[in-house]
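# Breakdown of the fold
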Amino acid sequence: MPRIASVLLPMPLPEAFDYAEPEGLELAVGDHVSVPLGPRTVRGVVTALRDGVGGNRRLKPVLARVDDPRLPANVITFVEWAARYSVDVPGWPLAMALRGLRHPPAKPEKAVVLTGVQPARMTPARLKVLAAAQAGPLSAAELARQAGVSAGVVKGLVDEGALEPVLVAADDSVAQPDLSLPPQTLNPSQKAAADEMSDMLAAGGFQAALLDGVTGSGKTEVYLEVAAAALEADPAAQVLVLLPEIALTQAVMGRFEQRFGAAPIEWHSGVSPPRRRRAWEAVADGRARIVVGARSALFLPFSNLKLIVVDEEHDGSFKQEEGFIYQARDLAVARAKIEGALVVLASATPSLESLWNAHQGRYRWLRLGARHGTAQLPDVHLIDMRATPPEPGRWLSPTLVKAVSLTLQKGEQSLLFLNRRGYAPLVLCRACGEKLKSPDSDSWLVEHRYTGRLVCHLTGFSMKKPEACPHCGAKDSLVSIGPGVERVEEEARYLFPDARIAVFSSDTVFDPAGARALVDSMAAGEIDILVATQAAAKGHNFPNLTLVGVIDADLSLRGGDLRAGERTFQLLAQATGRAGRHEKPGRAYLQTYSPEHAVLQALKAQDRDAFVEAEMAMREEAGLPPFGRLAAVIASGPDAEALEAYVQALAAATPNAEGVEVYGPADAPLGLVRGRRRKRFLVRAGRNVDLPGFMAAWRARAKVPNSVRVTIDIDPYSFL
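Residues numbered from 1 in each chain as written. Predicted model: local features only at pLDDT ≥ 70, side-chain atom pairs only at ≥ 80, totals over all residues. Heavy atoms only, no water.

### Observations regarding the overall build of the protein
A tally of helices and strands in the protein yields 19 helices and 31 strands. The C-alpha radius of gyration computed for the protein amounts to 29 Å, which stays within 12% of the reference 27 Å derived for 720 residues, consistent with globular compactness. For the protein, the residues scored as buried account for 52% of the 720 residues in total. A separation threshold of at least 6 residues defines the contact pool for the protein, and within that pool the share at least 24 residues apart is 75%. Carbon and sulfur atoms provide 52% of the accessible area of the protein, an area that totals close to 31800 Å². Mean positive and mean negative side-chain charge positions of the protein (81 and 82 charges, respectively) differ by 3 Å. (Helix = DSSP H or I, 4+ residues; strand = E, 2+ residues; numbered from the N terminus. Rg over C-alpha atoms; globule rule 2.2 N^0.38 Å. Buried < 20%, exposed > 50% of the residue type's maximum accessible area, 1.4 Å probe, protein only. Contact = heavy atoms within 4.5 Å. Areas by Shrake-Rupley, 256 points an atom, 1.4 Å probe, with all protein chains shown as cover. Lys, Arg positive; Asp, Glu negative; His and termini not counted. Charge placed at Lys NZ, Arg CZ, Asp CG, Glu CD.)

Here you go:
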């Protein structure tokens, strides 16, 4: 009986397309296929099959099945759900699910093997090579390294026929976790949390837990034991751990390797394309039992996913802001529900949304109220910069300088924290007042002294710092305004010339290996003062770090972001929490021009509950998340008149819906980006409103001109 195959393509198309199943092909849901699309042949995934009898359409046939692991049905369900929730086309999340297959399989690798032929002349070096070659095929370079000889010795043996070149398949083996290794020693609070989550696993089905523990309380050790329980209960079970920063990956990988005797599979942008494909295939066929990765790892083709851990679940890095827009924390909960798995959200400063769900009983709330071992939370002090300002042209107050000096005298380490990359966030001309901006954009250019360039962190534009003002031509008139981490490092080197100082930011650490090297150097006591952005503010454990100085505690409180207070509390609590994580007591100093601010007072008192209560009350009164829901519409286009006409038409087409308020259109704070004008709407709705459904219906009521691009953001985190 002929059948029709619905094939979803990883392209910006609104739905799956129908194709005829050729006789004898016998497709299944999840198969990868090649199909015609206009004049092209493209690749897609079969999402449904149905009886084709009685149809009056003449369909093009599927051309072939592609020999790649079948996409599990739950992955297809998740892709379709994610598209509906994000009010986007399903082709985008499918493209993310197939990202590991963008690259061809690894090619066979060149190696050398023994032939049995004895060389005419034998030397000690040659004997070492022949002995090492007994282990089997090795690359010539690796064989020389293992034998401790030069490459010329190996080449000579190849020339004489004692070794011969061969091609061997790339190694795709995956080290399996050793579940016989002893568990970690947990304190009573940790053990109680681990046991409760293990019981949730044993009960089966979808479960959600909030692992809420102060910094240094040992949350990682807890979820490691929960992972062990999941792997022991089912020999085919798979575990996924999501991390907000690539810089954290190596440290967590090490913890897993220590616990299970084998490194997990990595999945993030720093993984090379061949390794990414091997990882995707290992996940699909079940060989990869533990995966540690960034937010996109949620879309991997797990066939038996039993546990998802979202570490630092509050972190804004879990929000994908470009392309397919989604919040990985929320999608992790959705995927766990689809898979019938346990999801664990772990944080020392949980998001208000997660705390609210815990209060409502939707999540099991597990609290770790004390640091592991004898460590204590650091004492937090506020430095009023109005009363004790720094010297002119400086950024460190006398109080903080004295504290760093005392820490150095004790042989202990300091962290100077400023969540701002580069040397200065703004460069302006003293002659004409011009603020240097990225071309065709409203974002300021950030000065980077290390490279001598001005960089736009929004668009990626970069230029050499000019000698004269591009606007008025005045020479030597450009001045740097405000500090970045490079400027703080410069001041620290001036004040403490004998100290060993390093900078930890995305401009100085380019990949996970570099992050691991810097973290290891800090942990080994080879750095006295670490100047860092948020890359060092979470997840790291430095035994000798006893002082944290926050250069600008007011930084993230500025602006109209509804989460400004929450983000500031989370970021600074995480940053100050790096101090005193072992036997030595820690101190934290926060430089501020508004020490009376409720967020800073809560940080000083280390009273998170009071902050949360006040913030929740404000949100409830305003109907903001978690008590209401938000969505944003961002429309952009190169022609201001066409853009204005569209947003006015969209405003006029707003559906009448109870419990929904629409604000706008208004110019976006960043009104020009890459030559495109930008307009925004903000939608506020009650929790009982189907917000994605409302947004999809609204968008369909106004035709979008070809020049205009429309983006819908459910639960926006950026209001620029």
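### Observations concerning helix α1 (residues 73-86)
Relative to the 20 Å expected for 14 residues at 1.5 Å per residue, α1 spans 20 Å between its end C-alpha atoms, a close match to the ideal helical length. Among the residues making up α1, those that are buried are Val75, Ile76, Phe78, Val79, Ala82, Ala83, Tyr85 and Ser86. (Expected span 1.5 Å × (residues − 1).)

### Notes on the packing of aromatic side chains
Applying the stated criterion across every chain, the model contains 11 aromatic pairs. Measuring from centroid to centroid gives 4.6 Å for Phe569 and Phe611, while their planes differ by 5°, and the two rings are stacked. A residue pair is termed long-range when its members are at least 10 positions apart, and Phe569 in helix α15 (residues 564-576) and Phe611 in helix α17 (residues 608-622) qualify at 42 residues. An aromatic cluster of at least three residues, connected via ring pairs, comprises Phe78, Phe299, Phe324 and Tyr326. In this structure, Arg335 packs its charged tip against the face of Phe78, placed 5.4 Å from the ring centre. Here the guanidinium or amino end of Arg449 rests over the ring plane of Tyr423, the centre of that ring lying 3.8 Å away. (Phe/Tyr/Trp six-rings, centres within 6.5 Å; stacked < 30°, edge-to-face > 60°. Lys NZ or Arg CZ within 6 Å of the ring centre and 35° of its normal.)

### Looking at the packing of helix α11 (residues 352-359) against α17
Their axes nearest at 11 Å, the elements α11 and α17 cross at an angle of 95°. Considering their axes alone, α11 and α17 lie roughly perpendicular with respect to each other. Contacts between α11 and α17 pair Leu352, Leu355 and Trp356 from the former with Arg608, Val612, Glu615, Met616 and Arg619 from the latter. (Axes fitted to C-alpha atoms, helices over the stretch in contact; angles between N-to-C directions. Parallel < 35°, antiparallel > 145°, perpendicular 65-115°, else oblique.)

### Regarding the pattern of salt bridges
Under the definition given, this model contains 39 salt bridges. Among the salt bridges present, the one from Arg500 reaches Asp528, with a minimum N-O distance of 2.9 Å. Note that Arg500 is positioned in the loop between α13 (485-495) and β24 (501-504) and Asp528 in the loop between α14 (512-523) and β25 (529-532), a separation of 28 residues in sequence. Taking the relative accessible area as the measure of exposure, Arg500 reaches 41% and is therefore partly exposed. Linked by salt bridges that have partners in common, Arg43, Asp68, Arg277 and Glu281 make up one network. (Salt bridge = Lys/Arg side-chain N within 4 Å of Asp/Glu carboxyl O.)

### Digging into the pairing of strand β30 (residues 676-686)
The sheet contact formed by strand β28 (residues 628-637) and β30 spans 10 bridges and is antiparallel. Looking at the pairing, Val633 lines up with Phe681 of β30. Between strand β29 (residues 660-673) and β30, which pair antiparallel and follow one another directly, the connecting turn spans 2 residues, one of which, Arg674, has a positive phi of 55°. (Pairing = 2+ DSSP bridges.)

### Observations regarding the sheet that holds strand β20 (residues 446-448)
Strand pairing in a sheet takes place through backbone hydrogen bonds and is either antiparallel or parallel in direction. Strand order in the open sheet formed by 3 strands is β20-β21-β22, and the pairing between neighbours is antiparallel. Strand pairing shows two members of the sheet lacking a second neighbour, β20 and β22 (462-464), which therefore form its edges. Here the average twist between neighbouring strands, direction ignored, is 30°. One ladder, built from 3 bridges, connects strand β21 (residues 453-455) with β22; its direction is antiparallel. The partner of Leu454 across the bridge, within β22, is Met463.

### Here we look at the nonpolar core
Leu240, Val291, Phe299, Phe504, Leu530, Leu590 and Met695 are the most contacted members of the largest nonpolar core, which has 109 residues in total. Ranked by residue count, the leading element in this core is α1, at 6 residues. With near-sequence residues (within four places) excluded, Met695 lies in contact with Val87, Ala631, Ala632, Val633, Val683, Ile712 and Ile714. With 33 residues, the next largest nonpolar core counts Leu186, Val222, Leu224 and Ala230 among its residues. (Core = buried A, V, L, I, M, F, W, Y, C linked by side-chain atoms within 4.5 Å.)

### Things to note about the sheet that holds strand β2 (residues 17-20)
What the 5 strands build is an open sheet, ordered β2-β1-β4-β3-β5; its pairing is antiparallel. At either end of the open sheet lies a strand with only one pairing partner, and these are β2 and β5 (64-66). Along the sheet, successive strands turn relative to each other by an average axial angle of 50°, direction set aside. By the bridge criterion, 4 bridges tie strand β1 (residues 3-8) to β2 in an arrangement that is antiparallel. Bridging across to β2, Val7 finds its partner in Phe17.

### What to know about the state of the cysteines
As used here, a disulfide is simply a covalent bond connecting the sulfur atoms of two cysteines. Following the criterion strictly, the structure yields 0 disulfides and no others. Cys469 takes part in no disulfide bond, and the closest cysteine sulfur to it belongs to Cys429, at a distance of 3.7 Å. Here Cys472 is not disulfide-linked; the sulfur of Cys432 is the nearest cysteine sulfur, at 3.7 Å. For Cys472, a relative accessible area of 40% gives the class partly exposed. (Disulfide = S-S within 2.5 Å.)

### Here we look at the packing of α15 against α17
Look at α15 against α17: their axes get within 11 Å of each other, and the N-to-C directions meet at 165°. Judged on the interaxial angle alone, α17 and α15 are roughly antiparallel. The handedness of the crossing between α15 and α17 is left-handed. Of the residues in α17, those in contact with Gly565, Glu566 and Phe569 of α15 are Arg608, Phe611, Glu615 and Arg619. (Left-handed = near helix turned anticlockwise from the far one by under 90°.)

### Here we look at the side chain of Thr220
You can see Thr220 is positioned in helix α7 (residues 219-233). If we skip the residues at most four places from it in the chain, Thr220 touches Arg255 and Asp311.

### With respect to the side chain of Ser34
Within the element layout of this structure, Ser34 appears in strand β3 (residues 32-37). Of the residues examined, Ser34 reaches a relative accessible area of 15% and is grouped as buried. Apart from residues lying up to four places away in sequence, Ser34 is in contact with Thr41, Val42, Arg43, Val62, Leu63, Ala64 and Val66.

### Re the pairing of β28
Each regular strand shows side chains that alternate between the opposite faces of the sheet. Among the 10 residues that make up β28, 10 are buried, leaving the element largely enclosed by the rest of the structure. Here β28 shows a buried face lined by Gly628, Leu630, Ala632, Ile634 and Ser636 and a second buried face lined by Arg629, Ala631, Val633, Ala635 and Gly637. With 6 bridges connecting them, β28 and strand β31 (residues 709-714) associate as antiparallel partners. In the strand pairing of β31, Ser636 is matched with Arg709.

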